[in-house]
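What follows is each chain in one-letter form.
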Amino acid sequence: MVHNTKGIVLRTVKYGDTSIITTVYTELFGIQSYIVKGVRQSSKTSAGKAGFFQPSAMLDMEVYHNEQKQLQFIKEYQWSYLYEKVLFDVVRNTVAMFVIELLQHSLKQPEANPELFYLIEDTLKQLDKGNDTLIANLPLYFILHLGSELGFQLHGNYTEQTPVLDLQEGMFVPEKPSHPYYLEEGLAKTTSELAGIQFYNDLEKISLNRNIRRELLTAYQNYLALHIHDFGEMRSFKILQEVLS
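It should be emphasised that the depicted structure is a prediction, and the values quoted were computed from it without experimental measurement.

J.: Which residues make up helix H3 (residues 132–149), and what are the values?
T.: The terminal C-alpha atoms of H3, which comprises 18 residues, lie 26 Å apart, in line with the 26 Å expected from a rise of 1.5 Å per residue. Along H3, the sharpest kink reaches roughly 40°, centred on Leu138 and followed within four residues by the proline Pro139. Extensive coverage of H3 is indicated by the burial of 14 of its 18 residues. The opening residue of H3, the one whose side-chain oxygen lies 3.2 Å from the backbone nitrogen of Thr133, is Asn131. Just downstream of H3, Gly151 is the residue with a positive phi angle, here 105°.

As structure tokens, then:
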């Protein structure tokens, strides 16, 4: 059957002499792989079409979908959102690639999750529009809310009675745990604030220096790795830390 769905490109590889296989996180079907024929031909009709399938591209697609097949086909496609800054600004582009790599490491099953799709879509749009402080805090916000959408939301809040965040258990607790995966004091408090944010503009109000941001990024990446089997190593992590410094 043919379906209309939005999609966010996660990965694209060459296939044959003129085609590609692209992995897309779709609104209707979750993560899917598609064969797109002829986009690498050197002809007038194919010129520029491969650019639609660079990682982080947001598309409106008309797709053939068969639950029994691992590879699907795209019938038609066009931009659902055209970036103004992300593709040309080093910091914004680095954050976008970090978000995409997080998804590559985190999404293991093809099931649809519209709320997660909207989180990714909105995050990338805000990355294109936001100010410097919002952009710097966006990776922290995204990791925490990604965890929530994947089923391991942080429980509780930072208080005088619960000043420690146990990353392994995913909750704020009264005392340090016996393992090393925890945050305390200012780091735990900041995490509580970030986890509670509902509107992207509120990220502009959180001022962090580069050392704190680095510590939080490391801790949040560990948080994902503790809860996602075979999470693996993030190649864009060190680049993001350097760019945000």
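So much for the structure itself; the text now carries on.
J.: So what about the nonpolar core? Which residues, and what values?
T.: Leu102, Leu103, Leu124, Leu183, Tyr220 and Leu224 are the most contacted members of the largest nonpolar core, which has 58 residues in total. Of the residues forming this core, the biggest block, 10 residues, is contributed by H3. Dropping the residues within four chain positions of it, Leu224 is found in contact with Leu102, Ser106, Ile143, Leu146, Gly147, Phe152 and Phe231. Counting residues in hydrophobic clusters, the runner-up holds 15 residues, among them Phe53, Leu59, Met61 and Val63.

J.: Break down the side chain of Thr190 for me, citing the residues and quoting the values.
T.: Mapped onto the elements, Thr190 comes out in helix H4 (residues 185–196). Apart from residues lying up to four places away in sequence, Thr190 is in contact with Leu208 and Leu216.

J.: How would you sum up the confidence of the model for the protein? Please name residues and give values.
T.: Per-residue pLDDT for the protein averages 93, and the proportion of residues at 70 or more is 98%. By mean pLDDT, helix H6 (residues 236–244) is the weakest element of the protein at 89, and strand S6 (residues 164–166) is the strongest at 98.

What counts, and where the lines are drawn
- Residues numbered from 1 in each chain as written.
- Predicted model: local features only at pLDDT ≥ 70, side-chain atom pairs only at ≥ 80, totals over all residues.
- Heavy atoms only, no water.
- Helix = DSSP H or I, 4+ residues; strand = E, 2+ residues; numbered from the N terminus.
- Expected span 1.5 Å × (residues − 1).
- Bend = angle between axes of the 7 residues up to and from the residue.
- Buried < 20%, exposed > 50% of the residue type's maximum accessible area, 1.4 Å probe, protein only.
- Polar contact = N/O pair within 3.5 Å; in protein donor to acceptor, adjacent residues only side chain to side chain.
- Core = buried A, V, L, I, M, F, W, Y, C linked by side-chain atoms within 4.5 Å.
- Contact = heavy atoms within 4.5 Å.
- pLDDT = per-residue confidence, 0-100.

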